4 protein chains.
Amino acid sequence: MEADVPLLVPEVNAEHIALVERQPTFERGGFIVTNPNCSVTGLVLALKPLVDAFDFDRVHVATYQALSGAGYPGVPSLDIEGNVLPFIDQEEEKMRREAKKLLGRWSGGIVPSEIEVWANCARVPVRDGHLEAVSIPLPEDTDPDEVASILSSFRGEAQRLGLPTAPERPVLVRPEANRPQPILDRMAGEPERARGMAATVGRIRVTDRVLRFFLLSHNTIRGGAGGSVLNAELAHRRGYLG
Amino acid sequence: MEADVPLLVPEVNAEHIALVERQPTFERGGFIVTNPNCSVTGLVLALKPLVDAFDFDRVHVATYQALSGAGYPGVPSLDIEGNVLPFIDQEEEKMRREAKKLLGRWSGGIVPSEIEVWANCARVPVRDGHLEAVSIPLPEDTDPDEVASILSSFRGEAQRLGLPTAPERPVLVRPEANRPQPILDRMAGEPERARGMAATVGRIRVTDRVLRFFLLSHNTIRGGAGGSVLNAELAHRRGYLG
Amino acid sequence: MEADVPLLVPEVNAEHIALVERQPTFERGGFIVTNPNCSVTGLVLALKPLVDAFDFDRVHVATYQALSGAGYPGVPSLDIEGNVLPFIDQEEEKMRREAKKLLGRWSGGIVPSEIEVWANCARVPVRDGHLEAVSIPLPEDTDPDEVASILSSFRGEAQRLGLPTAPERPVLVRPEANRPQPILDRMAGEPERARGMAATVGRIRVTDRVLRFFLLSHNTIRGGAGGSVLNAELAHRRGYLG
Amino acid sequence: MEADVPLLVPEVNAEHIALVERQPTFERGGFIVTNPNCSVTGLVLALKPLVDAFDFDRVHVATYQALSGAGYPGVPSLDIEGNVLPFIDQEEEKMRREAKKLLGRWSGGIVPSEIEVWANCARVPVRDGHLEAVSIPLPEDTDPDEVASILSSFRGEAQRLGLPTAPERPVLVRPEANRPQPILDRMAGEPERARGMAATVGRIRVTDRVLRFFLLSHNTIRGGAGGSVLNAELAHRRGYLG
């Protein structure tokens, strides 16, 4: 969260990469770009097209985070077998701060977004794939099909540039009543080389001016190594790498 | 949800039991009282003292519901092992409707509460104990310790009457960073005969006028058989049983 | 287990396929070949080279069988979450009978093997991959490395014919102290199209004339659909299909 | 396994406690008694009456051991969620050595038993309760009901002395097709204060001179703290404590 280090999700804030030019090492060819937190990465993929389309600034999120998010050895099995742990150190604060930065406007610098992400983060006995339950008050009712269409048709700079690891569609919308699920949806993303790079959204509902949905993304691919590769591809295309 | 059948949680709306006097079978000694949904029972135990103390009407909830909530045989193991299912049929609608009724004022009839419960319900691979992540916008900031104190000191009609199955304190507040947990807290409740009858709340936070906490209650004890016994004890004490 | 219906594992008893010529429908072009039980399939892949090399006829096996072996909906989650079920209907008897048939000598008909498989079968909360603990009294001590070498170098008719779905090596031997594991080894098999078709053996020990090891094979690939494809490939190569 | 330190299971080898009199510190009032390994404790409760009744010396065992057996933090959740680990350091050797000592005859010293326990030990995603699959070659066929009767009627010194923590029956035999199970049977033992102190045996079968059954015992009660208390009660009753 250093002021001159961009947090990058190439579909969401590719223009923030310009920040590296202000890093003291940039002249000598060195610079730093970082991945955001694995929970916020999937979330902003869905929030980006929504904040562009609707007028809201409050997002209530509860997470169902996978074991691999804690690294290895991570969570002792006696703590999590048949259990849920309603605490992940620093996670909720990171989601709030990083969402503001990632969704911030670029105007010769990052103007933080007004968005407030109120998270309740929990660990569940699942190997991979962070599921999130999202609830967003809107100023007026909206057709869920319109929300689905906005999410499905979203394309970011990663897609416009055709970055190799970019999924064709960053957000997939499932129409089934019981999706997304970690087991079934964590490897979402086309083509083959972008597997695990798309977020999946399902159960889109709007009731009395509250939009609710579930979202899933792979925490160690999109939220980890795959995200880093995509960032490097963006840096390369922008001429920052060699 | 029939108009003349009370949904009862004796700590929350004991006075609604008067509704049975309007049931067509009441003159002949028969009447019906029902348990609310197992997810809403624990929730209203915490919401009741909060709505009495603060001015709010929006509650965003995400649930982490146990396998036993689906009965037996219930959820096939292949659907839930190492997975989360983001759908429980009718559950979200029931939570909304029943919270309005349970928290409704009695004025010769039930005046539904203004409260809106926006739920995202999911099943997790846990045997017993429904965990809920709660996020409530408040009109102004409040000291989390005050919230804790209000919850801990809450006593309802069940306690005033000393019903045998009533827990001494309906809501227990845990100060630890990582509670409540299904494995550790589902059997909360004192004395011994009230085990599983108390809800446990933890991780109370207030940030920029949003109150967040986690809540746990035992779905088949407080939200099932134990709740029915407590309702019968209330009915007996009020003279409705023989 | 009909006398004229071959149970086939092409690496083990390819010659039994001749049995189909005795089926009443064979003249009209129809015949039946069946897969053996999913627990015995992996086991006989390891037993075949061992019975050819050593003189034994008693095999004590305990199984750790995956959920998918029970089909869908299969085992209720409340029965198996955090539990082990020490019973799988008919499984132990099938393992004994089918091992005798599969390892039987062909002499114009099947001469059942003397082998006795004494199984204790249990279901564990694992999605895919049957693990088996094997204990075999031998007439004399043997070098575990020799056992490893015999298993690793085993090739059957499926390999000699180069059947497309046949793994290059039907039995892989892992040297690590803690393998095979369902999560890590169930998809064993090279090349790519044979993934899940190889059995993995580990922890080979010989102490005072008792050989012990663990074995894993994928119950729905090698023990299911993949096994059927391999049988069909054998039938085709032998000229039984069109 | 020091020569003058008794491994004790009071139902099995209470007389071995005399060994403490040879310990160098005994004269000064100090002595050491140890619990055996948690896997072998349950096993010898069943083997003791069987070796007294039948003529055998080979026992093939496969274990399904609980997470709590590894202590805390113990097994990382990423290693065991939806998986089985076929390795527990030193466990198989300990089971063999300790069974020989525990079942050894006392004749002014311990004469090790001829029994050979051939174990394959594995960890499963279960919180508490070690399940074991046992397979024993016998010299001749035996009625399974007789085996059940021998196990059920077994009483040891702990019962004869009426030690407070001793279960009335050290081995319970379940007639159901699918028992014992960790979830259902780990707390076996009467009266209340002896819960978790009895082993449970089920699925007793004898086929062609091989006896098979499943056995379960609570690894941290009978195989841990409860076993230590029972040993102390024996030492006290024998006059070794104050």
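Look a little higher up for the structure.
Note that the coordinates shown come from a computational prediction; the quantities given were computed from them, not determined experimentally.

Caption draft 1: Main features of the relation of the copies chain B and chain A. Superposing chain B onto chain A takes a rotation of 180 degrees combined with a translation of 0.0 Å along the rotation axis, leaving an RMSD of 0.0 Å. With respect to symmetry, the two chain copies, as superposed, fit the operation of a two-fold axis. Looking at the rotation axis and the C-alpha trace of chain B, the residue lying nearest is B:Ala62, at 3.1 Å. Interface overlap between copies: 100% of the residues of chain B at the interface are likewise at the interface in chain A, consistent with a symmetric, same-surface contact.

Caption draft 2: Structural context of the interface of chain D and chain C. With 45 residues of chain D in contact, the opposing surface of chain C contributes 45 residues. Together chain D and chain C conceal approximately 3500 Å² of surface at their shared face, both sides included; 57% is due to carbon and sulfur atoms. On inspection of chain D and its partner chain C, the count reaches six salt bridges. A salt bridge links C:Glu92 to D:Arg205; the nearest nitrogen and oxygen atoms lie 2.5 Å apart. Where chain D meets chain C, there are 25 residue pairs in polar contact (both at pLDDT 80 or more). Residue assignment for the side of chain D that touches chain C shows that the elements contributing at least two residues are strand 1 (58-65), helix 4 (91-102), strand 4 (116-123), strand 5 (130-137), helix 7 (182-185), strand 7 (199-207) and strand 8 (210-217) of chain D. The biggest single contributor to the side of chain D that touches chain C is strand 4 of chain D, with six residues. Grouping the amino acids of the side of chain D that touches chain C by side-chain chemistry returns 24 nonpolar, nine polar and twelve charged.

Caption draft 3: Structural detail: the interface of chain B and chain A. Each partner contributes residues to the interface: chain B has 45 residues there, and chain A has 45 residues. Note on chain B versus chain A: buried area summed over both sides is about 3500 Å², and carbon and sulfur give 57% of it. Here chain B and chain A share six salt bridges between them. Across the pair B:Arg96 and A:Asp208 runs a salt bridge, and its minimum N-O distance is 2.6 Å. Our count for the chain B to chain A interface comes out at 25 residue pairs in polar contact (both at pLDDT 80 or more). Secondary-structure elements contributing two or more residues to the side of chain B that touches chain A are strand 1 (58-65), helix 4 (91-102), strand 4 (116-123), strand 5 (130-137), helix 7 (182-185), strand 7 (199-207) and strand 8 (210-217) of chain B. Per element, the largest residue contribution to the side of chain B that touches chain A is six residues, and it comes from strand 4 of chain B. Looking at the side of chain B that touches chain A residue by residue, the class counts come to 24 nonpolar, nine polar and twelve charged.

Caption draft 4: Empty space enclosed by the protein, seen in detail. A complete count under the given rule lists seven cavities of 30 Å³ or more for this structure. Put simply, the largest cavity is a space of about 210 Å³. The wall of the largest cavity is formed by 22 residues, among which A:Glu81, B:Glu81, C:Glu81, D:Glu81 and D:Gly82 lie closest to the centre. Mapped onto the lining of the largest cavity, the elements with two or more residues apiece are helix 3 (77-80) of chain A, helix 3 (77-80) of chain B, helix 3 (77-80) of chain C together with helix 3 (77-80) of chain D. For the lining of the largest cavity, the class distribution of residues is ten nonpolar, eight polar and four charged.

Caption draft 5: Examining the sheet that holds strand 7 (residues 199-207) of chain A more closely. Residues and elements named next belong to chain A. Read from one edge of the open sheet, six strands run 4-1-5-8-7-6, paired in mixed fashion. Because the sheet does not close on itself, it has two edges, and the strands there are strand 4 (116-123) and strand 6 (171-174). Taking each pair of neighbouring strands and ignoring which way they run, the sheet shows an average axis angle of 25 degrees. Sheet analysis places strand 7 next to strand 8 (residues 210-217), joined by six bridges and oriented antiparallel. Bridge pairing in strand 8 places Val206 opposite Leu211. Set on the sheet, helix 2 (residues 38-53) makes contact with strand 1 (58-65), strand 4, strand 5 (130-137), strand 6, strand 7 and strand 8; between it and strand 8 the angle comes to about 135 degrees. With respect to the sheet, helix 5 (residues 144-152) is in contact with strand 6, strand 7 and strand 8, its orientation differing from that of strand 7 by roughly 155 degrees.

Caption draft 6: Here's a closer look at the layout of surface pockets. All names here are of chain C. Quantified by volume, the largest pocket comes out at close to 410 Å³. Around the largest pocket, the lining is made up of 23 residues, and of these Ile183, Leu184, Asp185, Arg186 and Met187 lie nearest the centre. Of the residues contributing to the lining of the largest pocket, the split by class is eight nonpolar, three polar and twelve charged.

Caption draft 7: Just helix 5 (residues 144-152) of chain D, in detail. Residues and elements named next belong to chain D. Among all positions of helix 5, only Val147, Ala148, Ile150 and Leu151 are buried. Down the axis of helix 5, the smallest arc covering the buried residues is 165 degrees, so these residues share one side. Put simply, Asp143 is the residue that caps the front of helix 5, since its side-chain oxygen is 2.9 Å from the backbone nitrogen of Asp145.

Caption draft 8: View of the packing of aromatic side chains. In total, this model carries 18 aromatic pairs over all chains according to the counting rule given. Ring plane angle 50 degrees and centroid distance 6.4 Å describe the contact between B:Tyr64 and B:Phe214, whose orientation is recorded as tilted. With B:Tyr64 in strand 1 and B:Phe214 in strand 8, the pair connects residues that are 150 residues apart, well separated along the chain. Assessed through its relative accessible area of 0%, B:Tyr64 is described here as buried. A residue is classified by how much of its surface remains accessible, and B:Phe214, at 0% relative accessible area, is buried. In this structure an aromatic cluster arises from ring pairing among A:Tyr64, A:Phe214, B:Tyr64 and B:Phe214.

Caption draft 9: Representation of the pairing of strand 8 (residues 210-217) of chain C. All names here are of chain C. Counting buried residues along strand 8, eight of its eight residues qualify, which places the element largely inside the surrounding structure. Side chains Val210, Arg212, Phe214 and Leu216 project from strand 8 onto one buried face, and the interleaved Leu211, Phe213, Leu215 and Ser217 project onto a second face that is buried too. The pairing of strand 5 (residues 130-137) with strand 8 spans eight bridges and is antiparallel. Bridge pairing links Leu131 to Leu216 in strand 8. Between strand 7 (residues 199-207) and strand 8, which pair antiparallel and follow one another directly, the connecting turn spans two residues, one of which, Asp208, has a positive phi of 45 degrees.

Caption draft 10: The packing of helix 2 of chain A against helix 5 of chain A, seen in detail. Residue and element names in this part refer to chain A. At their nearest, the axes of helix 2 and helix 5 sit 9 Å apart, and the two run at 120 degrees to each other. Between helix 2 and helix 5, the crossing angle belongs to the class labelled oblique. Remark: the crossing between helix 2 and helix 5 carries right-handed chirality. On helix 5, the residues that touch Ala46, Pro49, Leu50 and Ala53 of helix 2 are Val147, Ile150 and Leu151. In terms of residue class, the contact of helix 2 with helix 5 is built from seven nonpolar, no polar and no charged.

Caption draft 11: Highlighting the pattern of salt bridges. Scanning all chains against the criterion turns up 46 salt bridges over all chains. C:Glu157 is the salt-bridge partner of C:Arg238, the closest N and O atoms lying 2.9 Å from each other. Here C:Arg238 is found in the segment after helix 8 (221-237), whereas its partner C:Glu157 is found in helix 6 (residues 157-160), with 81 residues between them in sequence. Residue C:Arg238 is classed as partly exposed on the basis of its relative accessible area of 33%. Among the ionic pairs, C:Arg174 bridges to C:Glu176, the shortest N-O distance being 2.5 Å. Looking at C:Arg174, the relative accessible area reads 28%, which means it is partly exposed. Salt bridges sharing partners connect three or more residues here, namely A:Arg96, A:Lys100, A:Glu116 and B:Asp208.

Caption draft 12: How the structure looks around the state of the cysteines. This structure, assessed with the given rule, holds zero disulfides over all chains. The thiol of B:Cys121 is not disulfide-bonded; the next cysteine sulfur, from B:Cys38, is found 9.4 Å away.

Caption draft 13: Local environment of helix 8 of chain C. Residues and elements named next belong to chain C. If you check helix 8, its first and last C-alpha atoms are just 21 Å apart, much less than what 17 residues at 1.5 Å a residue would give, namely 24 Å. The largest bend in helix 8 is about 55 degrees, located at Gly227. The complete set of buried residues in helix 8 reads Arg222, Gly223, Gly224, Gly226, Gly227, Leu230, Asn231, Glu233, Leu234 and Ala235. For helix 8, the secondary structure elements touched by its buried residues are helix 1 (10-13), helix 2 (38-53) and helix 6. A positive phi of about 85 degrees marks Gly239, the residue just after helix 8.

Criteria and cut-off values
Residues numbered from 1 in each chain as written. Chains lettered and ligands numbered in written order. Predicted model: local features only at pLDDT ≥ 70, side-chain atom pairs only at ≥ 80, totals over all residues. Heavy atoms only, no water. Least-squares fit on C-alpha atoms with pLDDT ≥ 70 in both. Contact = heavy atoms within 4.5 Å. Buried area = accessible area lost by both parts, 1.4 Å probe. Salt bridge = Lys/Arg side-chain N within 4 Å of Asp/Glu carboxyl O. Polar contact = N/O pair within 3.5 Å; in protein donor to acceptor, adjacent residues only side chain to side chain. Helix = DSSP H or I, 4+ residues; strand = E, 2+ residues; numbered from the N terminus. Nonpolar A, V, L, I, M, F, W, Y, C, P; charged D, E, K, R; others polar. 1 Å grid on protein atoms, 1.4 Å probe; cavity = no way out; pocket = protein on both sides within 12 Å on 5 of 7 lines; lining within 4 Å. Points joined across faces, edges and corners; volume = space filled by probe spheres on them. Pairing = 2+ DSSP bridges. Axes fitted to C-alpha atoms, helices over the stretch in contact; angles between N-to-C directions. Buried < 20%, exposed > 50% of the residue type's maximum accessible area, 1.4 Å probe, protein only. Arc of directions from axis to C-beta. Phe/Tyr/Trp six-rings, centres within 6.5 Å; stacked < 30°, edge-to-face > 60°. Parallel < 35°, antiparallel > 145°, perpendicular 65-115°, else oblique. Left-handed = near helix turned anticlockwise from the far one by under 90°. Disulfide = S-S within 2.5 Å. Expected span 1.5 Å × (residues − 1). Bend = angle between axes of the 7 residues up to and from the residue.

Remember, this is a structural readout, not a statement about activity or role.
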